[in-house]
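Spelled out, the chains give:
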Amino acid sequence: MKILTILGARPQFIKAGSVSREIAKHKEITEAIVHTGQHYDANMSDIFFEQMQIPKPDYFLGIGGKSHGAMTGQMIEKIEEVAVREKPDWMLVYGDTNSTLAGAIVASKLHIKLAHIEAGLRSFNMKMPEEVNRILTDRVSDILFCPTGAATNNLKNEGFPFVTATNKKQLINNVGDVMQDGAIFYKNLAVKPNFEIKKDFILCTIHRAENTDDETRLGAIFEALNEIAKDKQIILPLHPRTKKIIENLKLNIKNLTMIDPVGYLEMVWLIDHCELVMTDSGGLQKEAYFFSKPCITLRDETEWVELVDVGANVLVGADKAKIVDAYKNSSTFNQQLSTLNLYGGGKASETIIKTLLEY
Ligand code: UD1
C-alpha cells in the first residue's frame, strides 16, 4: 500500500509524527510525504522533523506566506503533479489548514482514496478559514477518522456518510486523537527550554486570525495578560503572525515573557510544568488536558466541547474582565480528568493504520 501524506503547518507535523511512526512498523506500507511549505521558518517546521524523527519530506513545495487563495491554488497545482507521479492508494490529510483542503481537492479530482485525520470537528463559525477547510475536506473523504464522539455526531447531524468520488459510502470511525499518542510518547523526552522560568508560570499562545486580525480583540487580550502578569509569569511563545502584528500595533508587552516559537519537546516540557494554559490554539487545549492542566480558551467557541463539558476548559473570548476572572478562578477548574479517556487513550495512530489496511 502506498500512502501520500500532505503536511504544511506546525500542528500537522505533530500529528504526523505519531502516524508516520506507526506506518514505519509496517513493511507492506510505503509513505511519501509532501510538505507544502505553508509554515517555513525553521522553528515552525524543520525543528519538528528533527526532534520528532518524522521522515524527511519527499517533496517540499515551498508555498508559504501568501494570501489564502494564492496559497491554496498553488498547493492544488503542485500536489496534483506529485499525486499523478506517485499514484498512491491513499492520500492522508490532517486537520483544517489550507494544506488539508488543497490535498483533499486533489484526491477527489483524481479519484484517489482520501483519509481525513481529525474529521468531524466543528466550531460552527463559518468565518474561520479552518471551519470551511474542514467541512469541505470531510465532504470528499473516503474515511473520516474522528477524534471524539462529538465529532462523529457532528457528521451524523450534517447527513454524513455520503458517496464519494471512489463510488463508495464514507466510513466514519471514532479512533481517538493522534495528538494524545504524541503526548504520551514524547512526555519522557521533554526538554527544559533555556531561559529563566519561574515556578507556577502560565503558558500562553495566540495566533488565531479572529484574534490577531482584530485590533480590539487583540488589545483586550493583551491588557488582560499584562494585568495577570503582574501576579504570575506568563510565557508566550510567539507565532510569527502574532509577532508581526504586535510590533505593528505597538501593544504593551512589558510584563510578558515573549519567546520565539519552541520545538515540540520544549513545548511538552512547558505544558507539563506550567500551572495554567491560556490559548486560542485548538491543539494546546487538548494538550493542557493530557497533562491535567486547567485551560482558559481565548475564543468564543471551541471544537473540543467535551473539555468545557467536564470543567477542564473555560471559554472567555477576548473579554478582558472574563479573562482576568477566569484566571482568578482557575484553581477551581477540574484538573484531575485525564483519566476520563475523552480522546482514545493513545491508540489512534494504530487504529488508523489498521483501518486503512483492512479497508
Ligand atoms: C495555520 C492554519 C491554522 C493552524 C495554524 C497553526 C490555515 C488557514 N490556518 O494558520 O488552522 O492552527 O496554522 O500554526 O491554514 N508565517 C511565517 N513563518 C512561518 C509560517 C507562517 O512568518 O513559518 C507567516 C506567514 O507568512 C503569514 C502568517 O505567518 O503571514 C500566517 O501563516 P499561515 O500559513 O496563514 O497560517 P497560520 O496563521 O499559521
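Residues numbered from 1 in each chain as written. Predicted model: local features only at pLDDT ≥ 70, side-chain atom pairs only at ≥ 80, totals over all residues. Heavy atoms only, no water.

(A) Quick peek at the overall build of the protein. When helices and strands are tallied, the protein shows 15 helices and 13 strands. With respect to the three principal axes, the spread of C-alpha positions in the protein is 60 × 40 × 40 Å. Per-residue burial for the protein yields a buried fraction of 57% across its 359 residues. Of the contacts made within the protein by residues no fewer than 6 positions apart, 71% connect residues no fewer than 24 positions apart. For the protein, the distance from the average position of its 41 positive side-chain charges to the average position of its 46 negative side-chain charges is 1 Å. (Helix = DSSP H or I, 4+ residues; strand = E, 2+ residues; numbered from the N terminus. Buried < 20%, exposed > 50% of the residue type's maximum accessible area, 1.4 Å probe, protein only. Contact = heavy atoms within 4.5 Å. Lys, Arg positive; Asp, Glu negative; His and termini not counted. Charge placed at Lys NZ, Arg CZ, Asp CG, Glu CD.)

(B) How the structure looks around the site of the ligand. Around the ligand sit 22 residues, and of these Q38, H39, Y40, H239 and R241 come closest. Note that an oxygen atom of the ligand is positioned 3.1 Å from one of the side-chain N or O atoms of H207. Here H239 contributes a side-chain N or O atom positioned 2.7 Å from an oxygen atom of the ligand. Here the ligand, which alone exposes 740 Å², has 89% of that area covered by the protein. Elements supplying a minimum of two residues to the shell around the ligand: α3 (68–86), α5 (129–140) and α10 (240–249). Of the residues belonging to the shell around the ligand, the class tally is seven nonpolar, nine polar and six charged. (Near = heavy atom within 4 Å. Polar contact = N/O pair within 3.5 Å; in protein donor to acceptor, adjacent residues only side chain to side chain. Areas by Shrake-Rupley, 256 points an atom, 1.4 Å probe, with all protein chains shown as cover. Nonpolar A, V, L, I, M, F, W, Y, C, P; charged D, E, K, R; others polar.)

(C) The arrangement of the sheet that holds strand β13 (residues 313–315) in detail. Read from one edge of the open sheet, six strands run β10-β9-β8-β11-β12-β13, paired in parallel fashion. Strands at the two margins of the open sheet, each flanked by one partner only, are β10 (257–259) and β13. When strand polarity is set aside, the average angle formed by the axes of neighbouring strands in this sheet is 20°. Relative to strand β9 (residues 234–237), strand β8 (residues 202–205) runs parallel, the two being bridged by two bridges. When the bridges of β9 are listed, L203 appears paired with I235. Contacting β8, β11 (276–279) and β12 (295–297), helix α14 (residues 320–329) runs over the sheet at an angle of about 170° to β12. (Pairing = 2+ DSSP bridges. Axes fitted to C-alpha atoms, helices over the stretch in contact; angles between N-to-C directions.)

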